[in-house]
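# Descriptive structure summary
Each chain is listed here by its residues.
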Amino acid sequence: MQEEKEITIQEVINKRREHARKVDTKLIMKAYHYAMKNHGDQCRRSGEPYIIHPLNVAYILADIGLDDSTLCSALLHDVVEDTEVTDNDIRQEFGMEIAEMVEGVTKLSSMQFASIEEQQVEDYRKMFLAMGKDIRVILIKLADRLHNMRTLKYLKRERQIANAKETMELYAPLANRLGLYSIKWELEDLGFKYLNPEEYHELVEGINKKREERLKFIEKIMDDIRIQLKKQKIDAEVTGRAKHLYSIYRKMKRDNKTLDQIYDLFALRILVHSIKECYSALGVVHEMYNPMPGRFKDYIAVPKPNMYQSIHTTLLGDKGTPFEVQIRTWDMHRIAEFGIAAHWAYKEANYFGKKTSVKVEEDKLAWLRETLEWQKEMQDPQEFLNTLKTELFEDEVYVFTPKGEIKVLPRDATPIDFAYMIHAEIGHQMTGCKINSKMMPIITRLKSGDIVEIITSENSKGPSRDWLKFVKSTSAKNKILSWFKKAQKAENIEKGKELIEKELKRIGFTHADLFKNEYLEPMLDKYKYKNLEEMYSAVGFGANSSVKVIARMLQEYRKEHEEENIEAKIEELAKARMRKPKVSNAGVIVKGIDNCLVKLSKCCNPLPGDEIVGYITKGRGVSVHRKDCVNVGDLFSEENRMIDVEWYDEHATSYQVEIEVFSNDRSGLLMDILKEIGTTKAKIMGVNTKTTKERIAIMDITLEIENLEELNKAQKAIRKVNSVYEVKRKV
């Protein structure tokens, strides 16, 4: 991990020259002087001049080989946000390319949102959109975060923890996904240092104690390998490096081991000129030392999605001490260190006078394109965060098509994920699968090396909603949701309307109260809906919830309607409490109020005999709920709108109630149940039955009764019926 040091503009230029013959020194100096002038006497938390920060960010990017324009953008990345300089000023002074990068970094700064979670999600969304436009924006952001982490000691402890947590959850995995291992390792070690300071310092001390002993061990092995490679006429560079602290700590935790039990604290690296020499070098080291079973990985044959290629093998040295060897070509090493940045770093001729062919292939960034697709679909901040973290962490399986093509899927992926990765239509028409030539369930978890064959049918009715419970890739999930969205649009719209109406009733509002342009527009704008139909459809198929949609409209409603009206209504009701009570048409007395509209809430269907409470709604009288109703907890948060109510014993009226009956299916079942209900005073108003694949009969029966006692008698009678195993009141 690098120590913080003061960087000069000349050091940035010198570092840039290590990667390129032609360097636009004049442009870089112009950006430096412009930033220096505009930041003026601004200081960082450390008390140092602010210019030190952009200089360090530019140096980090020069070190991984970024181009002149990116270094200029790094020097200027804070001037628009922290000084009087505008985007237009940068465009006029430095041109469109640099201006757009600076603007991209500036846009990643915080905005005002309803919650910290929402703000965090919006920042991440903007980050991925910036990546889609020019990925160098994110490389600047990663370098910016790295320098901020190096200087984290100047912040308060709570900010240290928050920044370190975000670094471990987002920025380090992002650096990993982009193949920037040099940045990833340092971000992880710094995050570890601030999140687990005691464990960090214990580990540093423990490693330092045995450092010399282990260095001697690894140096002897390196010398021996160099001699053998030379004998085989393999031109190679053999180096050793200490593994970074966080990876050692993670291994100790994962395997429940102490530091003394972790032997491979150092890794050897063998760099050669061709793929053929990689495998020749592998043969040499396997002849010299015994390989550990199950600890060999060939990322040359099967590269990682972030372009990483290398052979990893763990060998047993003297006295059975294990050590790791990584074998790769020089080109692979550049990509391993710089990842996506290698695209800019090595597109020019290098100092050895030969061109390097480092291609950033389209499919290598397929995960980025998918990220940009699914981030548009998700309105739920928590769902977005969870999916983001899942997509960034590299837990993958490598499976094969029958023709031998490799497909990379998330860990625990199923043949459904595989089918949708090939093509959406293959997924939609899927009826079965073969794994390693054997018919298997389509929800089987795939393992690396599996050969998967998808069986399709043109007569398929399309995907099942149950598939959403099993798929692991966001791409497959989106394609399935998209199918339902298109195939069942009319149905989704109707369902969405029902859910919205239900939520309106629950909170005591009418459609006319909230569905006005001044309340609708902010909601549609927030969730990026073109019109009401799109909103209903999204709510109907589950992409958003009715609660969130209405909550956004309520924010606007409350701005216009002060709570004075409610307070006045409550005061009026309080004054009337001393009057003689009158019975409402629902058979309920509202204490102290005459001629009051009373409604029995549909969410819990209270009956005479149930303990009840009243809630003063906005313009809809008093809503009566059972005390054990799931919504009562929310209502009690507004205690000044609660009111005492009670059942009127002498008032005879009838109430409808729904009950649910569960039974093993058999012939004559419904007739027996109806017969038993006929022995009670309850009247049957409606029956709806269905039978599951498991032959379980589920009946929804609507009864008309006068009180709770009649309901209990009816339920007791149904329970007597043979095969019935559960009877409950629907809520």
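Note that the coordinates shown come from a computational prediction; the quantities given were computed from them, not determined experimentally. (Residues numbered from 1 in each chain as written. Predicted model: local features only at pLDDT ≥ 70, side-chain atom pairs only at ≥ 80, totals over all residues. Heavy atoms only, no water.)

## With respect to the overall build of the protein chain
For the record, the criterion: Secondary structure elements follow DSSP: runs of H or I no shorter than four residues count as helices, runs of E no shorter than two count as strands, and numbering proceeds from the N terminus. Here, residues are in contact when the closest pair of their heavy atoms is within 4.5 Å.
Looking only at helices and strands, the protein chain features 31 helices and 20 strands. Partitioning the intrachain contacts of the protein chain with sequence separation of at least 6 by distance along the chain shows that 66% fall at a separation of at least 24.

## As for the confidence of the model for the protein chain
Convention followed: Known as pLDDT, the predictor's per-residue confidence is scaled from 0 to 100.
Across the protein chain, the average pLDDT comes to 78, with 80% of residues at 70 or higher. Long-range and interchain partners of residues 110-116, a stretch whose pLDDT sits below 50, account for eight contacts in this model, where long-range means more than four residues apart. Here residues 343-365 is modelled with pLDDT under 50, and outside its nearest four sequence neighbours on either side it reaches 45 contacts, counting other chains as well.

## Topic: the sheet that holds strand β9 (residues 438-440)
Short version of the rule: In short, DSSP must find at least two bridges between two strands for them to pair. Here an angle of 0 to 180 degrees is reported between the N-to-C directions of two axes, which are lines fitted to C-alpha atoms, with helices fitted over the stretch in contact.
Taking strand neighbours across the sheet as the criterion, the three strands line up as β9-β8-β10 in an open arrangement whose pairing is antiparallel. The sheet terminates laterally at β9 and β10 (452-456), the two strands that pair on one side only. The mean inter-strand angle of the sheet, taken between neighbouring strand axes irrespective of direction, is 35°. The sheet contact formed by strand β8 (residues 430-435) and β9 spans three bridges and is antiparallel.

## A closer look at the environment of Ala236
Mapping Ala236 onto the fold places it in the loop between α13 (211-231) and β1 (237-242). For the pair Ala236 and Arg269, spaced 33 residues apart in sequence, the C-alpha to C-alpha distance is 9.8 Å. Beyond its immediate chain neighbours, meaning those up to four positions away, Ala236 contacts Leu229, Ile270, Leu271 and Val272.

## Details of the packing of helix α9 (residues 136-150) against helix α10 (residues 157-177)
This is how it is decided: Crossing handedness is defined as follows: a turn of the near helix away from the far one that is anticlockwise and smaller than a right angle gives a left-handed crossing, while the clockwise case is right-handed. Polar here means any residue other than Ala, Val, Leu, Ile, Met, Phe, Trp, Tyr, Cys and Pro, which are nonpolar, and Asp, Glu, Lys and Arg, which are charged; Gly is therefore polar.
At a minimum axis distance of 11 Å, the contact between α9 and α10 shows a crossing angle of 140°. Handedness of the α9/α10 crossing: left-handed. Contacts between α9 and α10 pair Ile138, Lys141, Leu142, Arg145 and Met149 from the former with Asn163, Ala164, Glu166, Thr167, Tyr171, Leu174 and Ala175 from the latter. Broken down by class, the residue content of the contact of α9 with α10 amounts to seven nonpolar, two polar and three charged.

## A closer look at the pattern of salt bridges
Our working rule: Salt bridges are identified by distance alone: a Lys or Arg side-chain nitrogen within 4 Å of an Asp or Glu carboxyl oxygen. Classification of residues uses two cut-offs on accessible area relative to the type maximum, computed with a 1.4 Å probe and protein chains only: under 20% is buried, over 50% is exposed, and between them is partly exposed.
This structure, assessed with the given rule, holds 15 salt bridges. With a closest N to O distance of 3.5 Å, Asp63 and Lys15 form a salt bridge. One end of the pair, Asp63, is in helix α3 (residues 52-63); the other, Lys15, is in helix α1 (residues 9-17), and 48 residues separate them in sequence. Take Lys15: its relative accessible area is 13%, and that puts it in the buried class. Through salt bridges that share partners, Lys15, Glu18 and Asp63 make up one connected network.

## As for the packing of helix α2 (residues 25-39) against helix α6 (residues 87-94)
Working note: a packed helix pair is described by the angle between its axes plus the distance between those axes. Keep this limit in mind: Working rule for angles: under 35 degrees goes down as roughly parallel, over 145 as roughly antiparallel, 65 to 115 as roughly perpendicular, anything else as oblique.
Direction vectors running N to C along α2 and α6 enclose 150°, while the axes themselves pass 12 Å from each other. Taken together, the axis directions place α2 and α6 in an arrangement best described as roughly antiparallel. When you trace α2 past α6, the crossing you get is right-handed. On the side of α2, the interface is formed by Leu27, Lys30, Ala31 and Tyr34, while α6 contributes Asp89, Ile90, Glu93 and Phe94. Of the residues that constitute the contact of α2 with α6, the class distribution is five nonpolar, no polar and three charged.

## Considering helix α25 (residues 517-526)
Along an α-helix, residues three or four apart share an orientation, since each turn contains 3.6 residues. Among all positions of α25, only Tyr519, Leu520, Pro522, Met523 and Leu524 are buried. Two residues or fewer past α25, Lys528 is found with a positive phi of approximately 60°.

## Some thoughts on the pairing of strand β13 (residues 612-616)
The buried fraction of β13 amounts to five of the five residues, a majority that puts the element mostly inside the structure. The alternating pattern of β13 places Ile612, Gly614 and Ile616 and Val613 and Tyr615 on opposite faces, both of which are buried. Relative to strand β14 (residues 622-626), β13 is paired through five bridges, and the arrangement is antiparallel. Residue pairing across strands places Val613 opposite His625, the latter belonging to β14.

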